[in-house]
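Structure at a glance
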Amino acid sequence: MVEQAYIKDGTDPVTEPFSTAALNPGLSVDVEIESQIKPQLRCRTTLVGWRKDKYLVLRPSDSQFHLFSAQSYVILRYLVEGQIYAFKTRILTTTGNPEKLIFCYYPEQVTNLRLRQHVRYATRLFAQLELDNNSAEGLILDISASGCQFLPSQGGTLKQVSGSKVNVVFPFLRQGKDVLKIPAIIRNQRMLDSGMGLGIQFTGSVEAVMKLLMLDTSSTAEPID
């Protein structure tokens, strides 16, 4: 789990009519189960389909199916074209046969959180930086859709030069999944209290990273003003 808070670029969320135009079966949907008597839970589900103006159908993992019950309030979040959307609804019903499925009331509106390139997530995410045949381990101190700030571990032998092409490697984002490697360029260097920080611009797609950050954010994370 990544401990993080997020910093917005001043763009307020926008509420708009809900549409399925950009949705496809198989979409990963984060479901937050609201509760007044126990800590809120977040689960990953898969969008199976929908009936317009009636319901959405989600498939949870078998191990989390028991957490869902009819009429419970839930918040659904999903990522489409680099934007995070969210809405609150209720569970209409659940079924365990022939498959474990959740039916949620069809929403009228959805909130576009408007996460643009300038939204930065403050984090301490382990990563590696590859340059030519060398590499250095370190921490990502903040990350956005356009880049990150990387702090190499002390004692590293990597010679960082502004303008150098590198790969940012995320080896442990998800247990059992492939290593995620993003091409990037070192844009600047600046001295921090804990060492020399590197400003890095991504040149490859980072939608997978942003998706994982969205789904792995702790529900207790607080925004930084």
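Residues numbered from 1 in each chain as written. Predicted model: local features only at pLDDT ≥ 70, side-chain atom pairs only at ≥ 80, totals over all residues. Heavy atoms only, no water.

**What to know about the pairing of strand β5 (residues 55-60)**
So the rule is basically this: Two strands are counted as paired when DSSP detects at least two bridges linking them. A run of H or I in DSSP counts as a helix once it spans at least four residues, and a run of E counts as a strand once it spans at least two, with each numbered from the N terminus.
Bridging between strand β4 (residues 41-51) and β5 involves 6 bridges; their strand directions are antiparallel. Paired with Leu 47 across the strands is Leu 58, a residue of β5. Here β4 hands over to β5 after 3 residues, with Asp 53 in that stretch at a positive phi of 65 degrees. Bridge count between β5 and strand β8 (residues 101-105): 4 bridges; the pairing is antiparallel. Of the residues in β8, the one forming a bridge with Val 57 is Phe 103.

**Digging into the packing of aromatic side chains**
In plain terms, the rule: In this scheme Phe, Tyr and Trp rings, the latter by its six-membered ring, pair at centre separations within 6.5 Å, and the angle between planes marks the pair as stacked below 30 degrees, edge-to-face above 60, and tilted otherwise. Burial status follows relative accessibility: with a 1.4 Å probe on protein chains alone, a residue under 20% of its type maximum counts as buried, one over 50% as exposed, and anything between as partly exposed. Distance and angle both matter: a charge sits over a ring if NZ of Lys or CZ of Arg is within 6 Å of the ring centre and within 35 degrees of the ring normal.
Inspection of every chain in the model, using the stated rule, returns 5 aromatic pairs. Relative to Tyr 85, the ring of Tyr 78 lies with its centre 5.6 Å away and its plane at 20 degrees, an arrangement referred to as stacked. For the pair Tyr 78 and Tyr 85, one class covers both residues: buried. Centre to centre, the rings of Tyr 78 and Phe 87 are 6.5 Å apart; their planes meet at 70 degrees, and the pair counts as edge-to-face. Like Tyr 78, the residue Phe 87 is buried in the burial classification. Among the aromatic residues, ring-to-ring pairing joins Phe 18, Tyr 78, Tyr 85, Phe 87 and Tyr 106 into one connected group. Geometry around Tyr 73 places Lys 88 over its ring, the cationic atom sitting 5.2 Å from the centre.

**Concerning the nonpolar core**
Just so we agree on the cut-off: Here the nonpolar core consists of buried residues drawn from Ala, Val, Leu, Ile, Met, Phe, Trp, Tyr and Cys, with membership extended through side-chain atoms lying within 4.5 Å. We call two residues in contact whenever any of their non-hydrogen atoms come within 4.5 Å of each other.
In terms of nonpolar packing, the biggest core is built from 22 residues, with Phe 18, Val 29, Val 31, Leu 58, Leu 76 and Tyr 78 touching the most fellow members. Listing elements by their share of this core, those giving two or more residues are β3 (28-33), β4, β5, β6 (73-80), β7 (83-95) and β8. A total of 4 residues in this core trace back to one element, the largest contributor, which is β6. Those residues in contact with Leu 58, other than ones at most four positions away along the chain, are Val 29, Val 31, Thr 45, Thr 46, Leu 47, Val 48, Leu 76, Lys 100, Leu 101, Ile 102 and Cys 104. Leu 131, Val 166, Val 168 and Phe 202 belong to the second-largest nonpolar core, a separate cluster that totals 20 residues.

**Description of the confidence of the model for the protein chain**
What counts here: pLDDT is a per-residue confidence score from the predictor, ranging from 0 to 100.
Chain-level pLDDT for the protein chain is 79 on average; 74% of the residues reach the 70-or-more range. Of all the helices and strands in the protein chain, strand β1 (residues 4-7) carries the lowest mean pLDDT, 44, while β8 carries the highest, 98. Here residues 1-10 is modelled with pLDDT under 50, and outside its nearest four sequence neighbours on either side it reaches 36 contacts, counting other chains as well. When the criterion is pLDDT under 50, residues 215-225 qualifies, and its contacts beyond four places in sequence or with other chains add up to 23 contacts.

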